[in-house]
Amino acid sequence: MKYDIDHEFVSITSQTATHRIILLHGWGADSDDLLRFGKDIREKIYLDFEVISLRAPGLHPSGQGRQWYGLYPHDWNEAEVEVNKLLVTLKKFDTDRIPLKKTILLGFSQGAAMAIDAGFKLNFGLIVACSGYPHPNWFPGEKCSPLIVSHGLFDDVVPIDASRIIYEKVKNKSSELCELLEFDGFHQIDSNLIDFISSNISNIF
């Protein structure tokens, strides 16, 4: 499947796909970092998923991996620019074959910050924020997509309070599914996350 978008990506395509998952990797990773997770989604959830894992546009300062925007120091102006660019890309995935309402947008760490900022400006079937944080002055819009927030209790990279802030802001506005999953772990994706998504899938799509 080819898409006319500005972001590079890796994918697991399906000619019969009825649903899609779009993945946004973390700071210093690359587009293939979450592809294994996308494969697990396809294997464990009964829906026919196409997997798109987007590549952040910037080179990580170490010279290896990518970044959505500069973090040390934080470049919030660049973050806003990149969120707007991501919005353009995400809108192009809103097709008759697979609309955004049948799409999961999942981000990890910096990718989670991008996912909630751009995602809540659109109409996704589900947004999943793993070990993420909100950008300064971020607030969900009038229409809130269903949301699952997941964060390790012992995360020493992004404090768990960052995810609690995301959850509270959305919970106070949304009548949709809004769950905060706190687990015994560090800066990682919870091994039980896919099972939780699967158990709620009938309420999401």
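Everything in this summary refers to the structure shown in the same document. This one's a predicted model, so the numbers in the text were calculated from it and none came from an experiment.

**What to know about the pairing of strand S2 (residues 19–24)**
In terms of residue burial, S2 counts as a mostly covered element, since six of its six residues are buried. Of the two faces of S2, both are covered, the one formed by His19, Ile21 and Leu23 as well as the one formed by Arg20, Ile22 and Leu24. For the segment spanning S2, helix H1 (residues 35–44) and strand S3 (residues 49–54), crossover handedness is right-handed. Bridge analysis of S2 against strand S6 (residues 103–108) gives five bridges, and the strand direction is parallel. Across the sheet, leucine 23 pairs through a bridge with leucine 106, a residue of S6.

**A word on the nonpolar core**
Counting 40 residues, the largest nonpolar core has Ile22, Leu24 and Leu54 as the members making the most contacts within it. The biggest single contributor to this core is helix H3 (residues 110–119), with six residues. Sequence-distant contacts of isoleucine 22, defined by excluding residues within four places in its chain, comprise Ile52, Leu54, Leu90, Phe93, Thr103, Ile104, Leu105, Leu106 and Phe124. By size, the runner-up hydrophobic cluster in this structure holds 26 residues, among which are Ile12, Leu35, Phe37 and Phe108.

**Things to note about a nonpolar patch on the surface**
A surface patch of nonpolar side chains, about 290 Å² in accessible area, is lined by Leu153, Phe154 and Phe186. Of note, leucine 153 is situated in the loop between strand S8 (147–152) and helix H4 (160–171).

**A short note on the layout of surface pockets**
Volume-wise, the largest pocket comes out at about 210 Å³. Every residue lining the largest pocket is counted, 13 residues in all, and those nearest its centre are Leu71, Tyr72, Tyr133, Val157 and Val158. Class assignment of the residues belonging to the lining of the largest pocket gives a composition of eight nonpolar, five polar and no charged. Taken as a whole, the second largest pocket encloses approximately 180 Å³ of empty space.

**Things to note about the sheet that holds S8**
Judged by pairing direction, the sheet is mixed, and its seven strands sit side by side in the order S1-S3-S2-S6-S7-S8-S9 without closing on themselves. A strand with exactly one partner marks an edge of an open sheet, and here the two such strands are strand S1 (9–12) and strand S9 (178–183). For this sheet, the mean angle separating the axes of adjacent strands, direction not counted, is 15°. Along the sheet, H1 makes contact with S1, S2, S3 and S6, crossing S3 at roughly 170°. Helix H5 (residues 193–204) rests against S6, strand S7 (126–130), S8 and S9 of the sheet, and its axis sits at about 160° to S7.

**What about H3?**
For H3, the tally of buried residues reaches 10 of 10 residues, placing the bulk of the element in the interior. Within H3, burial applies to Gln110, Gly111, Ala112, Ala113, Met114, Ala115, Ile116, Asp117, Ala118 and Gly119. On the buried face of H3, the contacting elements are S2, strand S5 (66–67), helix H2 (76–92), S6, S7 and H4.

**With respect to the packing of H1 against H5**
A pair of packed helices is captured by two measures, namely the crossing angle of their axes and the spacing between those axes. Running from amino to carboxyl end, H1 crosses H5 at an angle of 40°, the nearest separation of the two axes being 10 Å. The orientation of H1 relative to H5 falls into the category oblique. H1 and H5 meet at a crossing whose hand is right-handed. On H5, the residues touching Phe37, Asp40, Ile41 and Lys44 of H1 are Leu193, Ile194, Ile197 and Ser198. Its residues placed into classes, the contact of H1 with H5 shows five nonpolar, one polar and two charged.

**Observations regarding the state of the cysteines**
Tallied over the entire structure, the rule returns zero disulfides. With no disulfide of its own, cysteine 144 lies 8.1 Å from the sulfur of cysteine 178, the closest cysteine sulfur.

Each value, and the rule that gives it
- Residues numbered from 1 in each chain as written.
- Predicted model: local features only at pLDDT ≥ 70, side-chain atom pairs only at ≥ 80, totals over all residues.
- Heavy atoms only, no water.
- Buried < 20%, exposed > 50% of the residue type's maximum accessible area, 1.4 Å probe, protein only.
- Helix = DSSP H or I, 4+ residues; strand = E, 2+ residues; numbered from the N terminus.
- Right-handed = clockwise from strand over helix to strand, strands pointing away.
- Pairing = 2+ DSSP bridges.
- Core = buried A, V, L, I, M, F, W, Y, C linked by side-chain atoms within 4.5 Å.
- Contact = heavy atoms within 4.5 Å.
- Patch = residues over 30% accessible without salt bridge, like charges linked within 9 Å, V, L, I, M, F, W, Y side chains within 5 Å.
- Areas by Shrake-Rupley, 256 points an atom, 1.4 Å probe, with all protein chains shown as cover.
- Salt bridge = Lys/Arg side-chain N within 4 Å of Asp/Glu carboxyl O.
- 1 Å grid on protein atoms, 1.4 Å probe; cavity = no way out; pocket = protein on both sides within 12 Å on 5 of 7 lines; lining within 4 Å.
- Points joined across faces, edges and corners; volume = space filled by probe spheres on them.
- Nonpolar A, V, L, I, M, F, W, Y, C, P; charged D, E, K, R; others polar.
- Axes fitted to C-alpha atoms, helices over the stretch in contact; angles between N-to-C directions.
- Parallel < 35°, antiparallel > 145°, perpendicular 65-115°, else oblique.
- Left-handed = near helix turned anticlockwise from the far one by under 90°.
- Disulfide = S-S within 2.5 Å.

So, to be careful, I would describe these as geometric facts and stop short of saying anything about function.
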